[in-house]
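Below are the chains, spelled out letter by letter.
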Amino acid sequence: MAHPPRKVWRALTEPGLLERWLRMPNDIKPVVGHRFELLADPVPAAGFAGGPVACEVLAVEPERLLSISWGPEWTVTWRLEPEGRGTRLFLSHEGFDPDDEFQRMSRRIMGGGWRTGVPKALARVLDEMPPPST
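This text gives an overview of the structure that appears in the document. (Residues numbered from 1 in each chain as written. Predicted model: local features only at pLDDT ≥ 70, side-chain atom pairs only at ≥ 80, totals over all residues. Heavy atoms only, no water.)

### Some thoughts on the overall build of the protein
Point 1. Per the secondary structure count, the protein includes 4 helices and 5 strands.
Point 2. For the protein, the succession of helices and strands along the chain, N to C, is α-α-β-β-β-β-β-α-α.
Point 3. Projected onto its principal axes, the C-alpha coordinates of the protein cover approximately 50 × 30 × 20 Å.
Point 4. Per-residue burial over the protein gives 39% buried out of 134 residues.
Point 5. A fraction of 37% describes how many contacts in the protein between residues 6 or more apart in sequence connect residues 24 or more apart.
Point 6. Each charge class in the protein was averaged separately, 17 positive and 18 negative side chains, and the resulting centres sit 8 Å apart. (Helix = DSSP H or I, 4+ residues; strand = E, 2+ residues; numbered from the N terminus. Buried < 20%, exposed > 50% of the residue type's maximum accessible area, 1.4 Å probe, protein only. Contact = heavy atoms within 4.5 Å. Lys, Arg positive; Asp, Glu negative; His and termini not counted. Charge placed at Lys NZ, Arg CZ, Asp CG, Glu CD.)

Structure below.
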């Protein structure tokens, strides 16, 4: 990301900013143990009716690491590393059961989004964010 970790962190942890790029209303707080919901759109191809996804903040290292549970099975972790004037952002989405057809399909669908649409949407939100006030 062509933005410093502080700015990327805000986009991951402020509800309004997270909603803008992830397209899921939420009430996230970067506090371990905080439970929140992501309001997901239906994904008929995966047999997902949409609605709230229960999440919990599992680990927080401000401007370095955010890990959340995503529903009952999955864990999503973002790791931020400063690189020049920007940030290298790593994503791990774990917990998929390879023996479960729904889980395999979910992994394919979400994996594609994480690799293509989500980075573009996040970059767009970061580009539109005003610089921090001094």
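Read on for the rest.
### Some points on the sheet that holds strand β5 (residues 86-94)
Point 1. Ordered by their spatial adjacency, 5 strands build an open sheet running β1-β2-β3-β4-β5, and the pairing between neighbours is antiparallel. In this open sheet, the two strands that pair with only one neighbour each are β1 (35-40) and β5. Within the sheet, the average angular offset between the axes of one strand and its neighbour, ignoring direction, is 25°.
Point 2. Where strand β2 (residues 51-61) lies against strand β3 (residues 65-70), 6 bridges are found, and the strand directions are antiparallel. Bridge pairing in β3 links E61 to L65. (Pairing = 2+ DSSP bridges. Axes fitted to C-alpha atoms, helices over the stretch in contact; angles between N-to-C directions.)

### Notes on the side chain of T87
Point 1. In this structure, T87 sits in strand β5.
Point 2. The exposure class of T87 is buried, given its relative accessible area of 3%.
Point 3. Residues contacting T87, with those up to four places away along its chain left out, are M1, H3, P4, P5, V8, L80 and E81.

### Details of the packing of helix α1 (residues 5-13) against helix α2 (residues 15-22)
Point 1. The interhelical angle for the contact between α1 and α2, taken along N-to-C directions, is 85°, at an axis separation of 5 Å. Relative to α2, the element α1 lies roughly perpendicular. Listed contacts from α2 to R10, A11, L12 and T13 of α1 are P15, L17, L18 and W21.
Point 2. Looking at the contact of α1 with α2 residue by residue, the class counts come to 6 nonpolar, 1 polar and 1 charged. (Parallel < 35°, antiparallel > 145°, perpendicular 65-115°, else oblique. Nonpolar A, V, L, I, M, F, W, Y, C, P; charged D, E, K, R; others polar.)

### A closer look at the pattern of salt bridges
Point 1. Going through the model one piece at a time under the given rule, you end up with 8 salt bridges.
Point 2. Taking the shortest distance from any N to any O, the salt bridge between R10 and E14 comes out at 2.8 Å.
Point 3. What makes R10 partly exposed here is its relative accessible area of 28%.
Point 4. The salt bridge partner of E83 is R88, with a shortest N-O separation of 2.8 Å.
Point 5. Note on E83: relative accessible area 41%, which makes it partly exposed.
Point 6. On the basis of relative accessible area, R88 is assigned to the partly exposed category, the value being 41%. (Salt bridge = Lys/Arg side-chain N within 4 Å of Asp/Glu carboxyl O.)

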